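A structural walkthrough
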Amino acid sequence: MYTAVTHDIQVSVFPEYLADRSDPKNDRYFWAYTIEIANMSRLRVQLLSRYWQITDANGHVEEVQGLGVVGEQPVLEPGESFRYTSGCPLTTPSGIMTGTYHMVDDADHTFPVAIPPFSLDSPQTKRVLN
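Small disclaimer: the values here were computed from a predicted structure and weren't measured. (Residues numbered from 1 in each chain as written. Predicted model: local features only at pLDDT ≥ 70, side-chain atom pairs only at ≥ 80, totals over all residues. Heavy atoms only, no water.)

Moving on, we come to the overall build of the protein chain. Of the regular secondary structure elements, the protein chain holds 0 helices and 9 strands. Seen in sequence order, the protein chain has helices and strands lined up from the N terminus as β-β-β-β-β-β-β-β-β. By principal-axis analysis of the C-alpha atoms, the protein chain measures approximately 50 × 35 × 25 Å. Here the protein chain holds 130 residues, and the buried ones make up 40% of them. Counting only contacts in the protein chain whose residues sit at least 6 apart along the sequence, the fraction spanning at least 24 positions is 64%. Carbon together with sulfur atoms contributes 48% to the accessible area of the protein chain, which is approximately 7,600 Å² in total. Distance from the positive charge centre (9 side chains) to the negative charge centre (16 side chains) of the protein chain: 8 Å. (Helix = DSSP H or I, 4+ residues; strand = E, 2+ residues; numbered from the N terminus. Buried < 20%, exposed > 50% of the residue type's maximum accessible area, 1.4 Å probe, protein only. Contact = heavy atoms within 4.5 Å. Areas by Shrake-Rupley, 256 points an atom, 1.4 Å probe, with all protein chains shown as cover. Lys, Arg positive; Asp, Glu negative; His and termini not counted. Charge placed at Lys NZ, Arg CZ, Asp CG, Glu CD.)

Bringing the packing of aromatic side chains into the picture now. All told, the structure shown has 7 aromatic pairs when counted by the stated rule. Look at Trp52 and Phe118: their rings are 6.0 Å apart centre to centre, the planes differ by 85 degrees, and that puts the pair in the edge-to-face class. Of the two residues, Trp52 is situated in strand E4 (residues 45–56) and Phe118 in strand E9 (residues 110–121); the sequence distance between them amounts to 66 residues. Taking relative accessible area as the criterion, Trp52 reaches 3% and is therefore assigned buried. (Phe/Tyr/Trp six-rings, centres within 6.5 Å; stacked < 30°, edge-to-face > 60°.)

A word on the environment of Leu47. Its location among the elements puts Leu47 in strand E4. Overall, Leu47 belongs to the buried group, its relative accessible area being 1%. Distance from Leu47 to Asp20, taken between C-alpha atoms, is 32 Å for residues 27 residues apart in sequence. Those residues in contact with Leu47, other than ones at most four positions away along the chain, are Ile37, Gly68, Val69, Gln73, Pro74, Tyr101, His102 and Met103.

Following the sequence through the fold, Ser12 ends up in strand E2 (residues 9–17). At a separation of 3.5 Å, a polar atom in the side chain of Ser12 contacts the side chain of Gln10. For Ser12, the contacting residues outside a window of four places in its chain are Met1, Tyr2, Thr3, Thr34, Ile35 and Glu36. (Polar contact = N/O pair within 3.5 Å; in protein donor to acceptor, adjacent residues only side chain to side chain.)

Here we take up the pairing of strand E3 (residues 29–39). For E3, the buried fraction is high: 10 of the 11 residues fall into the buried class. Alignment of E2 against E3, held across 9 bridges, turns out to be antiparallel. Bridge pairing in E3 links Phe14 to Thr34. (Pairing = 2+ DSSP bridges.)

Take the pattern of salt bridges next. Scanning the model with the defined rule gives 3 salt bridges in all. In this structure, the salt-bridge partner of Asp23 is Arg28, at a minimum N-O distance of 3.9 Å. Among the salt bridges present, the one from Glu36 reaches Arg83, with a minimum N-O distance of 3.5 Å. Taken together, the residues Glu36 in strand E3 and Arg83 in strand E7 (residues 81–90) connect sequence positions 47 residues apart. Residue classification places Glu36 among the partly exposed positions, given a relative accessible area of 23%. (Salt bridge = Lys/Arg side-chain N within 4 Å of Asp/Glu carboxyl O.)

Structural data, given as structure tokens:
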């Protein structure tokens, strides 16, 4: 699990390699990741948009942005959380994802919330010890 807290919003990420959706012989690797966003503030907040930076093992960077997550722009009351699962394909056996959610509170203040960097590692990933 990977966790970050920004402006009293906690983002936790649980990545999982999906062997049944991957085909290493054809350089296709797939991960699911579950994200939980918890509002630990005293204000109601809404997730407006997302920005992702996805880097594969070759250093190729892809940026993805858009409104909401999985078709929703969830509103979280103080103490509430929202959980969703999405996926990421790569052509390398490992990579890393990081990003930002853009949110607004009920005082109409917009602010970024960090999505912690998290590893995408498959069983084919070569481990290197320093």
